[in-house]
Amino acid sequence: VERAAALIAGAKRPLVLTGRGALGAGAELVAFLDASGAVYLDTQESRGLVPAEHPATIGAMRGRAMQETDLAIVIGRKLDYQTGYGSPAVWPNAHFLRIGDNAEELRENRRGEVELFAHPALALAAIARALPARRQTLDTAWGAALRSEHLRRAQKYQERAARVGFDW
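An account of the accompanying structure is given in this report. Since we're looking at a predicted model, the values are computed, not measured.

## Observations concerning the overall build of the protein
Reasoning step 1: Each helix and strand in the protein was counted, giving six helices and five strands.
Reasoning step 2: Listing every helix and strand of the protein by position from the N terminus yields α-β-α-β-α-β-β-α-β-α-α.
Reasoning step 3: In terms of overall size, the protein behaves like a compact globule, its C-alpha atoms giving a radius of gyration of 16 Å where 168 residues would be expected to give roughly 15 Å.
Reasoning step 4: Counting only C-alpha atoms and orienting by the principal axes, one finds that the protein spans roughly 50 × 35 × 30 Å.
Reasoning step 5: Across the 168 residues of the protein, 47% fall into the buried class.
Reasoning step 6: Sequence separation of 24 or more characterises 63% of the internal contacts of the protein that already satisfy a separation of 6 or more.
Reasoning step 7: The distance from the centre of the 22 positive side-chain charges to the centre of the 19 negative ones in the protein is 5 Å.

Pasting the structure below:
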């Protein structure tokens, strides 16, 4: 946990990516996002864990976020085709922190510098407590730019859907 907290504290552009293994850890995940300053990408398996209006949510910016992050925090998820299998071509600048309660979620395709074999809710709560109160290295402008573009793209998509008669 201390090594995970140190890795996060040193990251400028941390990104959290969740999968089905994170189900049931929604409250801890939100608290972790608030404490770490990380941006957040869900997947189909973990949709709804973090409210869409949470400022860390940047789903429409998946490709750019994976290219630009310096720390990928992968929680309860294998690195598969949706994540480029953790390939350096998709994640050119990223170190990895992996959290999961089974071996495949920890070791499949790309190993983490830190790997926590634990229930995600417990691991997230412990790491959040271990993080420093103020992060000196965090690139808040990067996160804000991703969120702003995410909101713009989401609005554009909703407008297009309304024009063709799609009812939410």
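After presenting the structure, the write-up continues.
## Some remarks on the pattern of salt bridges
Reasoning step 1: In total, this model carries nine salt bridges according to the counting rule given.
Reasoning step 2: In this structure, the salt-bridge partner of E68 is R64, at a minimum N-O distance of 3.1 Å. Residue E68 and its partner R64 are both found in helix α3 (residues 62-68); the two are separated by four residues, about one turn of the helix.
Reasoning step 3: Judged by relative accessible area, which is 25%, E68 ranks as partly exposed.
Reasoning step 4: For R64, a relative accessible area of 34% gives the class partly exposed.
Reasoning step 5: Measuring nitrogen to oxygen at the nearest pair gives 3.0 Å for the salt bridge that ties R77 to D80. Assigned by exposure class, R77 and D80 land together as buried.
Reasoning step 6: Members of the salt-bridge network, linked through shared partners, are E45, R77 and D80.

## Looking at the sheet that holds strand β4 (residues 95-100)
Reasoning step 1: Strand order in this open sheet of five strands is β2-β1-β3-β4-β5, and the pairing throughout is parallel. The sheet is open, and its two borders are formed by β2 (39-41) and β5 (114-117), each paired with just one other strand. Each neighbouring strand pair of the sheet contributes to a mean axis angle of 15 degrees, computed without reference to strand direction.
Reasoning step 2: In the sheet, β4 pairs with β5 via four bridges, with the strands oriented parallel. Looking at the pairing, I99 lines up with L116 of β5.
Reasoning step 3: Sheet contacts for helix α5 (residues 120-130): β3 (71-75), β4 and β5; angle to β4, the most-contacted strand, approximately 130 degrees.

## Remarks on the nonpolar core
Reasoning step 1: The biggest cluster of nonpolar side chains holds 27 residues, and the ones touching the most others in it are V16, L29, F32 and I73.
Reasoning step 2: Secondary structure elements with two or more residues in this core: α1 (2-9), α2 (26-36), β3, β4, β5 and α5.
Reasoning step 3: Setting aside residues no more than four positions away along its own chain, F32 makes contact with I8, V16, I73, L124, I127, A128 and L131.
Reasoning step 4: Core analysis: the second largest hydrophobic core is formed by 16 residues, L41, M61, L79 and W142 among them.

## Some points on the layout of surface pockets
Reasoning step 1: Within this model, the largest pocket holds a volume of roughly 490 Å³.
Reasoning step 2: If you go around the largest pocket, you meet 20 residues; those closest to its centre are A52, G59, A60, H150 and A154.
Reasoning step 3: Of all the elements in the fold, those that place two or more residues in the lining of the largest pocket are β2 and α6 (140-163).
Reasoning step 4: The element best represented in the lining of the largest pocket is α6, accounting for seven residues.
Reasoning step 5: Space inside the second largest pocket adds up to approximately 190 Å³.
Reasoning step 6: In terms of lining, the second largest pocket is formed by 15 residues, of which the most central are G37, A38, V39, P55 and A56.
Reasoning step 7: Breaking the lining of the second largest pocket down by element, the ones donating at least two residues are α2 and α6.

Cut-offs used in this document
- Residues numbered from 1 in each chain as written.
- Predicted model: local features only at pLDDT ≥ 70, side-chain atom pairs only at ≥ 80, totals over all residues.
- Heavy atoms only, no water.
- Helix = DSSP H or I, 4+ residues; strand = E, 2+ residues; numbered from the N terminus.
- Rg over C-alpha atoms; globule rule 2.2 N^0.38 Å.
- Buried < 20%, exposed > 50% of the residue type's maximum accessible area, 1.4 Å probe, protein only.
- Contact = heavy atoms within 4.5 Å.
- Lys, Arg positive; Asp, Glu negative; His and termini not counted.
- Charge placed at Lys NZ, Arg CZ, Asp CG, Glu CD.
- Salt bridge = Lys/Arg side-chain N within 4 Å of Asp/Glu carboxyl O.
- Pairing = 2+ DSSP bridges.
- Axes fitted to C-alpha atoms, helices over the stretch in contact; angles between N-to-C directions.
- Core = buried A, V, L, I, M, F, W, Y, C linked by side-chain atoms within 4.5 Å.
- 1 Å grid on protein atoms, 1.4 Å probe; cavity = no way out; pocket = protein on both sides within 12 Å on 5 of 7 lines; lining within 4 Å.
- Points joined across faces, edges and corners; volume = space filled by probe spheres on them.

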